[in-house]
Amino acid sequence: MTGTIAQSAIRQLAPVPLWAQAGEIEHAVILSTRVRIARNLSGEKFPAKMDTESRVRMVRRIADTIRLLGIESEGVLFSLPTLSELEIAYLVERRAISPRLARMEGPRAAFVWKDRDRSLMICEEDHLRLCEILPGLKPRQVYENILPVMDGFQRLLPFVKSETLGYLAACPANLGAAVRTSLFCHLPGLMMTKGIQDLASSAADAGFTIRGFWGEGSDVLGNTFQFTDGPGLSHRVSEMLTRIESIGQEIMEREALARIDLQTQNNYLLKDRISRALGILRSCRQLQDGETLALLSAVRLGVDIGWVSGIDREAISLLTFKLGRARLEWSGLTDRDSDRRNEIRAERAREAFTNAEFIA
Amino acid sequence: MKMCESCGQRPAEVEFVQIIGNLHKRMSLCRQCAASEGLSQHFEIFRRLAHMFEQQQVMQTEADVPEVVCSQCRTSFEEFARTGLLGCPDCYTEFKEHLTPILRRMHGVTRAVVSNTGENPEKSGEDGVRDTKAELKTRLEKAVAEENYELAAELRDRLKSL
């Protein structure tokens, strides 16, 4: 354990990740884009099969490489076994590490950049997984941001690659360029009109993986979906980026049409949903984690279509992050009792929505 | 989101393929209905295998997992089928015979058209993506007419990947 939260190395990271500050109109539906590049080193088993010693060696080797590349001052290297549960939960909520890396056991680490939403996970499913998130629909830009970083590592480390299968990864789905791109989309309109089923099945036919972003398994909290695609063996990265850009455009169009339908036909249902959510956020005394995402989603939709004033999209994005469980405990809250946490969450929501009004 | 074809209540999580002779019966089920169909036994194995396919969860009634073990890292093919993860880079050569059909289903091809950062020249050969849509369509129609559903599924996947 690293002692108190005040001394935690996490304090060196920017207090709010960029994705939680996104409030422009182009971030209304496609909240963010994440690209991930995976690599493995030759002469080593994949992480799931590595023993403790070789994992320790791997983490040390990557840490040395980070120093050799001269980028160590750009971020913080977290060795997960030395972090508290709360610190790990916070890094997950911040989207700096994957829930999988958090759940795993044994030596593993993450180098997290301080001023951008970029991180390098060490000994997750593959030896190295570099990813970055940018607000909005930006697959090409994110890819171009991180590719040179991975190229830097490639100059110093022997990545395992096959002539016929490309970069070898622990999971065969990641063969080829070992790149995956995800779009995080806020789709309350398509959820309410049930258009999501149609979109999901056509996206699945086109090879995309779709799942709810928040929540476990098939639960969809906060109407937020994750669409993922990789080039696999049969496509070039550039083709994948084009595909993801076009599905992004299609998602935006379909969501826009669904919102128009909702506003024009039987709109009393939509009015009820948004004003009710706003009412709860303005007056509640207890607010639960999952419930918060649903309410924020409804009010966010209200802001997008001009039915709610006195609060903007950026403030709502920020709340999605700030009302997170670990984040609440993190900011000085030592009481882990859930009633107390729900009370504080409610207090913060009331504060944020004081001036918000339903104006439709 | 696709709903369970049995109860219509919950989202479908499992693609259930029943193979009787050369007849394929395909259904999308939720976890509960899959279990009540008596399919829970092999569920875990294919749940993870499904994770590997990521897009469509796949489950089969007959678990026909070859008994092979990687000589380098001692990972068994059964373990791979359960976890979706290989143990080391050598598993790709050690399990080549059994992995090839999986790669074909997963990627539509068994060789990378790109092997680097995306800018390498395309590889040709019988498994490359040189087939034209029209050719594949003709072969697909023929396969369906001949009730060769294995081949049809493969051709359909290759068509999709174009």
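So, a few notes on the structure that sits alongside this text. Because the structure is predicted, anything quoted here is derived from the model rather than measured.

## Brief notes about the overall build of chain B
Secondary structure summary: chain B contains 7 helices and 3 strands in total. Reading chain B from its N terminus to its C terminus gives the helix and strand order β-β-α-α-β-α-α-α-α-α. Sorting the 162 residues of chain B into buried and exposed places 41% on the buried side. For chain B, the share of sequence-separated contacts (at least 6 apart) that also reach a separation of at least 24 residues comes to 35%. When the accessible surface of chain B is summed, it comes to about 8,700 Å², and 47% of that surface belongs to carbon and sulfur atoms.

## Let's talk about the packing of aromatic side chains
Residue and element names in this part refer to chain A. The full count for this structure, using the stated rule, is 6 aromatic pairs over all chains. Between F111 and W113 the ring centres are 4.8 Å apart and the planes differ by 75°, which places this aromatic pair in the edge-to-face class. You'll find F111 and W113 in the same group, each marked buried. A network of ring pairs unites the aromatic residues W19, Y90 and F321 as a single cluster. The ring of Y167 carries the charged tip of R39 above its face, separated from the ring centre by 3.5 Å. The lysine or arginine in question, R95, covers the ring of W19, its NZ or CZ lying 4.9 Å from the ring centre.

## Some words on the side chain of A:D126
All names here are of chain A. Examined against the element boundaries, D126 turns out to sit in the loop between β4 (118-122) and β5 (128-135). For D126, a relative accessible area of 0% gives the class buried. Engagement of the side chain of D126 in a polar contact is seen with the side chain of R129, the distance being 3.0 Å. Within the local environment of D126, its side chain forms a polar contact with the backbone nitrogen of A170, the two atoms lying 2.8 Å apart. Excluding residues that lie within four positions of it along the chain, D126 makes contacts with A38, R39, N40, P47, A169, A170 and N174.

## Regarding the nonpolar core
All names here are of chain A. Counting residues in each nonpolar core, the largest one holds 35 residues, and the members touching the most others are I62, L120, I122 and F153. At the level of elements, β1 (30-39), α1 (52-68), β3 (109-113), β4, β5, α4 (139-156) and α7 (237-264) are the ones that each hand at least two residues to this core. With residues up to four places along the chain from it excluded, the contact list for I122 reads M58, V59, I62, L77, L101, R108, A109, H127 and L128.

## Side note on the pattern of salt bridges
Residues and elements named next belong to chain A. Taken as a whole and judged by the stated rule, the model has 20 salt bridges over all chains. R129 serves as the salt-bridge partner of D126, at 3.0 Å between the closest nitrogen and oxygen. Across the pair, R129 and D126 agree in class, each one buried. Via salt bridges that share partners, R100, E124, E125, D126 and R129 belong to a single interconnected network.

## Focus on the state of the cysteines
All names here are of chain B. In the structure shown here, the tally under the stated rule is 0 disulfides over all chains. Free of any disulfide, C70 has its nearest neighbouring cysteine sulfur in C73, separated by 3.8 Å. There is no disulfide at C73, and the cysteine sulfur nearest it, in C88, is 3.6 Å away.

## Things to note about the pairing of β4(A)
All names here are of chain A. Burial within β4 is extensive, with 5 of its 5 residues counted as buried. Judged by which residues are buried, β4 turns out to be covered on both faces: R118, L120 and I122 on one side and S119 and M121 on the other are all buried. Across 4 bridges, the pairing between β3 and β4 is antiparallel. Bridge pairing in β4 places A110 opposite M121.

## Some thoughts on a negative patch on the surface
A cluster of acidic side chains, namely A:E24, A:E26, A:D312 and A:E314, defines a negative patch on the protein surface. With respect to the helices and strands, A:E24 occurs in the segment before β1.

## Let's talk about the side chain of A:S32
Residues and elements named next belong to chain A. Tracing the backbone shows S32 in strand β1. Here the side chain of S32 touches R95 through a polar contact of 3.4 Å, side chain to side chain. Look past the residues within four positions of S32 in its chain and what remains in contact with it is R95, I133, L134, P135, G136, S182, L183 and F184.

## As for unusual backbone geometry
All names here are of chain A. Its identity as a non-glycine residue notwithstanding, C123 has a phi of 65°, on the positive side. Tracing the backbone through its elements, the reader meets C123 in the loop between β4 and β5. Under the relative-accessibility criterion, C123 is labelled buried at 0%. For A178, which is not a glycine, the phi torsion comes out positive at approximately 55°. Within the secondary structure layout, A178 lies in the loop between β7 (166-167) and β8 (179-186). Its relative accessible area of 5% is what places A178 among the buried residues.

What counts, and at which threshold
Residues numbered from 1 in each chain as written. Chains lettered and ligands numbered in written order. Predicted model: local features only at pLDDT ≥ 70, side-chain atom pairs only at ≥ 80, totals over all residues. Heavy atoms only, no water. Helix = DSSP H or I, 4+ residues; strand = E, 2+ residues; numbered from the N terminus. Buried < 20%, exposed > 50% of the residue type's maximum accessible area, 1.4 Å probe, protein only. Contact = heavy atoms within 4.5 Å. Areas by Shrake-Rupley, 256 points an atom, 1.4 Å probe, with all protein chains shown as cover. Phe/Tyr/Trp six-rings, centres within 6.5 Å; stacked < 30°, edge-to-face > 60°. Lys NZ or Arg CZ within 6 Å of the ring centre and 35° of its normal. Polar contact = N/O pair within 3.5 Å; in protein donor to acceptor, adjacent residues only side chain to side chain. Core = buried A, V, L, I, M, F, W, Y, C linked by side-chain atoms within 4.5 Å. Salt bridge = Lys/Arg side-chain N within 4 Å of Asp/Glu carboxyl O. Disulfide = S-S within 2.5 Å. Pairing = 2+ DSSP bridges. Patch = residues over 30% accessible without salt bridge, like charges linked within 9 Å, V, L, I, M, F, W, Y side chains within 5 Å. Lys, Arg positive; Asp, Glu negative; His and termini not counted. Charge placed at Lys NZ, Arg CZ, Asp CG, Glu CD.

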